[in-house]
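Breakdown of the fold
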Amino acid sequence: MSLLELDAVSKTYRRGQEVVQALDSVSLSAGFGEFICLLGVSGCGKSTLLQILAGLEPADSGAVQIEGQPIAGGHPNASVVFQEHGLFPWMTVERNVEFNMKARGVGAAERRSVARDFINRVGLAGFERRYPHELSGGMRQRVGIARALTTRPRLLLMDEPFGALDAQTRSIMQNQLLDLWQDYRATVVFVTHSVDEAVFLADRIVIMSPRPGRVRSIVPVAQPRPRDRADPAFGQCVGEVLGLIHDDLRHLMGA
Ligand code: ADP
Ligand code: MG
């Protein structure tokens, strides 16, 4: 049994006269502890797919199972990290990190101790009483990741979590995420539109294409970790993936 199974998942949005088929018969599976990147241009349904996995949006048809159970209104073993604005601005770092545990009825003493552990683990000791606006973008995303991990999810869903960060911070965050993933062994579904990021992070890259959103191809990344961007094999993999999304890029640039 895999941790995650999607079978022929479709989703259409209707806004007035406009009909958008965000996902057209998407099938996908992920093994226990696997790191999957969903890669594709804007509008190919990546966020929609993540919202469905998180139980935040229903699929129109098809089946989604996590650990063999259909998802309905969220799954107790899944946590989400969003790109930005994922934190409650009126709550301190500590309260933000405690939030998912509080929502699940974890008592105050345990919340505090688990939150402290994860705040330390992501390198934010000393910032417990700060508010999100007092932190850098990278620090805010570390708060979001700490919060997501406190409930020990078996499935971690991340929607372009590093998309708004500068290149150097982004690279630091990618390495930190891989360390956490290796420690906690969650299955990760990570959305990105960066080919470099996908090749650096993923066990398998699921390349999606737009209008309608479909899985175009799935590319396994065989390189051992830690991966080295200067390694010719890394560049070769980037080139292979770029080739596969080339048509979509051309389309976007109006060629
Ligand atoms: P991605 O994350 O890959 O950019 P999305 O899943 O956000 O793609 O969007 C897929 C398509 O569905 C896009 O054409 C988008 O405009 C449309 N869409 C997404 N969410 C909604 C919504 N709530 N209402 C109407 N259309 C939507
Ligand atoms: Mg998106």
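Source: prediction; values computed, not measured. (Residues numbered from 1 in each chain as written. Chains lettered and ligands numbered in written order. Predicted model: local features only at pLDDT ≥ 70, side-chain atom pairs only at ≥ 80, totals over all residues. Heavy atoms only, no water.)

**A few points about the site of ligand 1**
The immediate surroundings of ligand 1 are formed by Tyr13, Arg15, Val20, Ala22, Val41, Ser42, Gly43, Cys44, Gly45, Lys46, Ser47 and Thr48. If ligand 1 stood free it would expose 550 Å²; the protein chains cover 69% of that surface. Elements that contribute at least two residues to the shell around ligand 1 include exactly β1 (4-15), β2 (18-30) and α1 (46-53). Its residues assigned to classes, the shell around ligand 1 shows five nonpolar, five polar and two charged. (Near = heavy atom within 4 Å. Areas by Shrake-Rupley, 256 points an atom, 1.4 Å probe, with all protein chains shown as cover. Helix = DSSP H or I, 4+ residues; strand = E, 2+ residues; numbered from the N terminus. Nonpolar A, V, L, I, M, F, W, Y, C, P; charged D, E, K, R; others polar.)

**As for the sheet that holds β1**
Within the open sheet, the four strands sit side by side as β2-β1-β4-β5. Their pairing is antiparallel. Both edges of this open sheet fall to β2 and β5 (69-70), since each of them pairs with a single strand only. With five bridges connecting them, β1 and strand β4 (residues 61-66) associate as antiparallel partners. Within β4, the position partnered with leucine 4 by the bridge is isoleucine 66. (Pairing = 2+ DSSP bridges.)

**What to know about the nonpolar core**
For soluble globular proteins, the rule of thumb is that nonpolar side chains tend to be buried together. Phe35, Phe190, Val199 and Ile205 are the most contacted members of the largest nonpolar core, which has 48 residues in total. Excluding residues within four positions of it along the chain, phenylalanine 35 makes contact with Leu177, Leu178, Trp181, Val188, Phe190, Leu201, Ala202, Asp203, Arg204 and Arg225. (Core = buried A, V, L, I, M, F, W, Y, C linked by side-chain atoms within 4.5 Å. Buried < 20%, exposed > 50% of the residue type's maximum accessible area, 1.4 Å probe, protein only. Contact = heavy atoms within 4.5 Å.)

**A closer look at the sheet that holds strand β10 (residues 214-220)**
Read across the sheet, six strands follow the order β6-β7-β8-β3-β9-β10 without closing on themselves; strand pairing throughout is mixed. This sheet does not close on itself; its edge strands, each paired only once, are β6 (78-81) and β10. Pairwise comparison of adjacent strand axes, ignoring direction, gives a mean angle of 20° for this sheet. Pairing of strand β7 (residues 155-159) with strand β8 (residues 187-192) involves five bridges; the strand directions are parallel. (Axes fitted to C-alpha atoms, helices over the stretch in contact; angles between N-to-C directions.)

**Points about helix α4 (residues 137-149)**
If you check α4, its first and last C-alpha atoms are 19 Å apart, about what 13 residues at 1.5 Å a residue would give, namely 18 Å. Burial within α4 is extensive, with eleven of its 13 residues counted as buried. Turning to α4, its buried residues number three or more, namely Gly138, Met139, Gln141, Arg142, Val143, Gly144, Ile145, Ala146, Arg147, Ala148 and Leu149. Turning to α4, the residues buried within the fold contact β6, α2 (93-103), α3 (108-121), β7 and α5 (167-184). (Expected span 1.5 Å × (residues − 1).)

**Points about the packing of α2 against α3**
One can describe the packing of α2 onto α3 by two numbers: an axis separation of 9 Å at closest approach and a directional angle of 120°. In terms of orientation, α2 lies oblique with respect to α3. In terms of crossing hand, the pair formed by α2 and α3 is right-handed. For the pair formed by α2 and α3, the contact residues are Val93, Glu94, Arg95, Val97, Glu98, Met101 and Lys102 on the first element and Arg111, Arg112, Val114, Ala115, Arg116 and Ile119 on the second. (Parallel < 35°, antiparallel > 145°, perpendicular 65-115°, else oblique. Left-handed = near helix turned anticlockwise from the far one by under 90°.)

**Some remarks on the pairing of strand β9 (residues 204-209)**
Most of β9 sits inside the fold, with five of its six residues counted as buried. Looking at chain direction, strand β3 (residues 35-39) and β9 are connected through four bridges and run parallel. For cysteine 37, the partnering residue across the bridge sits in β9 and is isoleucine 205. Relative to β10, β9 runs antiparallel, the two sharing six bridges. In the strand pairing of β10, arginine 204 is matched with proline 220.

**Focus on the packing of aromatic side chains**
This structure, assessed with the given rule, holds six aromatic pairs. With a centroid separation of 6.0 Å and 40° between ring planes, the pair formed by phenylalanine 35 and phenylalanine 190 is classed as tilted. Here phenylalanine 35, found in strand β3, pairs with phenylalanine 190, found in strand β8; they are 155 residues apart in sequence, far enough to count as distant. Note on accessibility: phenylalanine 35 and phenylalanine 190 belong to one class, buried. Measuring from centroid to centroid gives 5.4 Å for phenylalanine 88 and tryptophan 90, while their planes differ by 50°, and the two rings are tilted. Feature note: the residues Phe35, Phe162, Trp181 and Phe190 constitute an aromatic cluster, connected by ring pairs. Taking the ring centre of tryptophan 181 as reference, the NZ or CZ of arginine 185 above it sits at 4.8 Å. (Phe/Tyr/Trp six-rings, centres within 6.5 Å; stacked < 30°, edge-to-face > 60°. Lys NZ or Arg CZ within 6 Å of the ring centre and 35° of its normal.)

**So, the environment of leucine 201**
Along the chain, leucine 201 turns up in helix α6 (residues 195-201). Assessed through its relative accessible area of 0%, leucine 201 is described here as buried. Each C-alpha atom of the pair leucine 201 and valine 221 lies 8.9 Å from the other, and the pair is 20 residues apart in sequence. Setting aside its immediate chain neighbours within four residues, leucine 201 contacts Phe35, Cys37, Gln174, Leu178, Phe190, Arg225 and Arg227.

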